[in-house]
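# Inside the fold
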Amino acid sequence: MTSGLALAPRETLPSKFWEELNRSNLAQLTDEGYENFKRTVALNYFTWIVPLSDVQIRFLWRRLPKSRFLLAALQTIFSRSHPPIPWKESKAYSFLTRLIWEYAAAQEPDDRLEKLEEPLEGNPPRVYRRGRLIYQDLANAKLEFRSILHPAVDLTQVNTILELGAGYGRTAFVFLTLLPTVRYIVADIPPALAVCERYLSSCFKDRRIFRYRPFRDYAEVREEFEAAQIIFLLPHQLALLPKGSADLFMNISSFDEMRKDQIGYYFKLLAPLVRRYFYLKGWKVSENLSDGITVKDGDYPIPADWKKVYWKTCAVQEYFFEALFELP
């Protein structure tokens, strides 16, 4: 994957921010192994360890019954730490995880959340609710699932999902579990792509997998690609796919960590690839000190003919926005 990325065009190469983060991720994978990635590398993505004064805690305090809040606090006091996560950070992780899970459960009119349980793959911190292993990423991904499957989205028209910047596959896991007939294309850079490929392949052993490999023309891989249910690509390989290859596109907090020329490149690349829906989630203001740029929520080059379904502040993480568009 690394050698394949080295041959990619500049627009798809990691920003300085991601070059630095990838060095940290590789060091953690080397020291603690893939077997522990949910206690190391995963904390560099969308897993939060925050103080009691954080906006997430305040959001949940306002919206959860105080009895639930107190119960989560008591359970956290008597919970174990999650090495190599330090003791204090372990407590903060456990507390927020319980609160977000309670909030996510309260949003569901059906039992879909009850069908989700965190896989042991990657050694997640052991936090339990009613005897089931729960994970902060799983609750956040379920909230994203709920937002994306807005009443305006026609699920009968969503057969293939494309996610750019899937990390280790937290949101992909939820979609592949709750919508088992959907095809899922993951495009990311290493080492995230390698971790995601191993993780989702292990979690869904019954699915046909198109593992990453270099190819110069879609015709070389067409038969295997179109027969696969889960597909792994480097970002520059998206340019080789035929038009209309995906029905729903997702990007969760990776556009806001790119250079602006990269963001523009991907919007032009994706427009013909995506048939129906485009979901975007990111920081309202992202300060990328490594590249010396600031990306604001108004900086995304949304085409004028895309129909906005919504553009709103995210639940729980109110410093994020999320937006859904229907494409012509």
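Anyway, here's the lowdown on the structure attached to this text. Note that the structure is a prediction, hence the values are computed from the model and not measured.

## Some points on the overall build of the protein chain
Counting secondary structure elements, the protein chain contains ten helices and twelve strands. Taking 2.2 N^0.38 as the reference for a compact globule, 328 residues should give roughly 20 Å; the C-alpha atoms of the protein chain span a radius of gyration of 19 Å, in line with that estimate. Taken over the C-alpha atoms alone, the protein chain extends approximately 55 × 45 × 45 Å along its principal axes. Of all intrachain contacts in the protein chain linking residues separated by at least 6 positions in sequence, the fraction that spans at least 24 positions is 70%. In the form shown here, the protein chain has an accessible surface area of approximately 14400 Å², with 54% of it arising from carbon and sulfur atoms. Put simply, the protein chain has 44 plus and 40 minus side-chain charges, and the middle of one group is 5 Å from the middle of the other.

## Topic: a nonpolar patch on the surface
Where nonpolar side chains cluster on the molecular surface, the patch consists of Leu70, Leu74, Ile77 and Phe78 and spans about 460 Å² of accessible area. As for its placement among the helices and strands, isoleucine 77 is situated in helix H4 (residues 66–77).

## Observations regarding the packing of helix H3 (residues 55–63) against helix H5 (residues 87–107)
Packing of H3 against H5 brings their axes to within 10 Å, and their N-to-C directions diverge by 45°. If you check the angle between H3 and H5, you find them oblique. H5 is crossed by H3, and the crossing has left-handed handedness. When H3 is examined against H5, the residues Gln56, Ile57, Phe59, Leu60 and Arg63 are found in contact with a partner set consisting of Phe95, Leu96, Leu99, Ile100 and Tyr103. For the contact of H3 with H5, the per-class residue count stands at eight nonpolar, one polar and one charged.

## As for the pairing of strand E4 (residues 183–187)
For a regular strand, side chains alternate in direction, first toward one face of the sheet and then toward the other. Most of E4 sits inside the fold, with five of its five residues counted as buried. Side-chain alternation along E4 places Arg183, Ile185 and Ala187 on one buried face and Tyr184 and Val186 on a second face that is also buried. With five bridges joining them, strand E3 (residues 160–164) and E4 adopt parallel strand pairing. Bridging from a neighbouring strand, leucine 164 pairs with alanine 187 of E4. Once the chain exits E3 it traverses helix H7 (residues 170–178) before rejoining the sheet at E4, and the crossover so formed is right-handed. The pairing of E4 with strand E6 (residues 230–233) spans four bridges and is classified as parallel. Across the sheet, isoleucine 185 pairs through a bridge with isoleucine 231, a residue of E6.

## Focus: the pattern of salt bridges
Scanning the model with the defined rule gives 18 salt bridges in all. Between glutamate 318 and arginine 62 there is a salt bridge; the shortest N-O distance is 3.3 Å. In this pair, glutamate 318 is assigned in the loop between strand E11 (307–313) and strand E12 (320–326) and arginine 62 in helix H3, connecting sequence segments 256 residues apart. Two residues, glutamate 224 and arginine 213, come together in a salt bridge whose shortest N-O distance is 3.1 Å. Highlighted residues: glutamate 224 in helix H9 (residues 222–227) and arginine 213 in the loop between strand E5 (209–210) and H9, separated in sequence by eleven residues. The structure contains a network of salt bridges with shared partners spanning Asp137, Glu144, Arg170 and Lys281.

## Structural notes on the packing of aromatic side chains
In this description, an aromatic ring pair is defined by two values, namely the gap between the centres and the angle between the planes. Summed over the entire model, instances satisfying the criterion amount to 37 aromatic pairs. Residues tyrosine 168 and tyrosine 199 carry aromatic rings whose centres are separated by 5.4 Å and whose planes lie at 80° to one another, so their mutual orientation is edge-to-face. Of the two residues, tyrosine 168 sits in the loop between E3 and H7 while tyrosine 199 sits in helix H8 (residues 192–203), which places them 31 residues apart along the sequence. Here tyrosine 199 falls in the buried class, since its relative accessible area comes to 1%. Taken together through their ring pairs, the aromatic side chains of Phe249, Phe255, Tyr265, Tyr266, Phe267, Phe278, Tyr300, Trp306, Trp311, Phe321 and Phe325 make up a single cluster. Between lysine 38 and the ring centre of tyrosine 135, over which it is positioned, the NZ or CZ distance is 5.5 Å. Arginine 63 extends its terminal NZ or CZ atom over the ring of phenylalanine 59, reaching a point 3.8 Å from the ring centre.

## Topic: the packing of H5 against helix H6 (residues 136–148)
Close contact between H5 and H6 brings their axes to 8 Å; oriented N to C, the two are set at 30°. Considering their axes alone, H5 and H6 lie roughly parallel with respect to each other. As H5 runs across H6, the sense of the crossing is left-handed. Contact residues: H5 offers Tyr93, Leu96, Thr97, Ile100, Trp101, Tyr103, Ala104 and Gln107, while H6 offers Gln136, Leu138, Ala139, Asn140, Leu143 and Arg146. Counted by class, the contact of H5 with H6 contains nine nonpolar, four polar and one charged residues.

Cut-offs applied
Residues numbered from 1 in each chain as written. Predicted model: local features only at pLDDT ≥ 70, side-chain atom pairs only at ≥ 80, totals over all residues. Heavy atoms only, no water. Helix = DSSP H or I, 4+ residues; strand = E, 2+ residues; numbered from the N terminus. Rg over C-alpha atoms; globule rule 2.2 N^0.38 Å. Contact = heavy atoms within 4.5 Å. Areas by Shrake-Rupley, 256 points an atom, 1.4 Å probe, with all protein chains shown as cover. Lys, Arg positive; Asp, Glu negative; His and termini not counted. Charge placed at Lys NZ, Arg CZ, Asp CG, Glu CD. Patch = residues over 30% accessible without salt bridge, like charges linked within 9 Å, V, L, I, M, F, W, Y side chains within 5 Å. Salt bridge = Lys/Arg side-chain N within 4 Å of Asp/Glu carboxyl O. Axes fitted to C-alpha atoms, helices over the stretch in contact; angles between N-to-C directions. Parallel < 35°, antiparallel > 145°, perpendicular 65-115°, else oblique. Left-handed = near helix turned anticlockwise from the far one by under 90°. Nonpolar A, V, L, I, M, F, W, Y, C, P; charged D, E, K, R; others polar. Buried < 20%, exposed > 50% of the residue type's maximum accessible area, 1.4 Å probe, protein only. Pairing = 2+ DSSP bridges. Right-handed = clockwise from strand over helix to strand, strands pointing away. Phe/Tyr/Trp six-rings, centres within 6.5 Å; stacked < 30°, edge-to-face > 60°. Lys NZ or Arg CZ within 6 Å of the ring centre and 35° of its normal.

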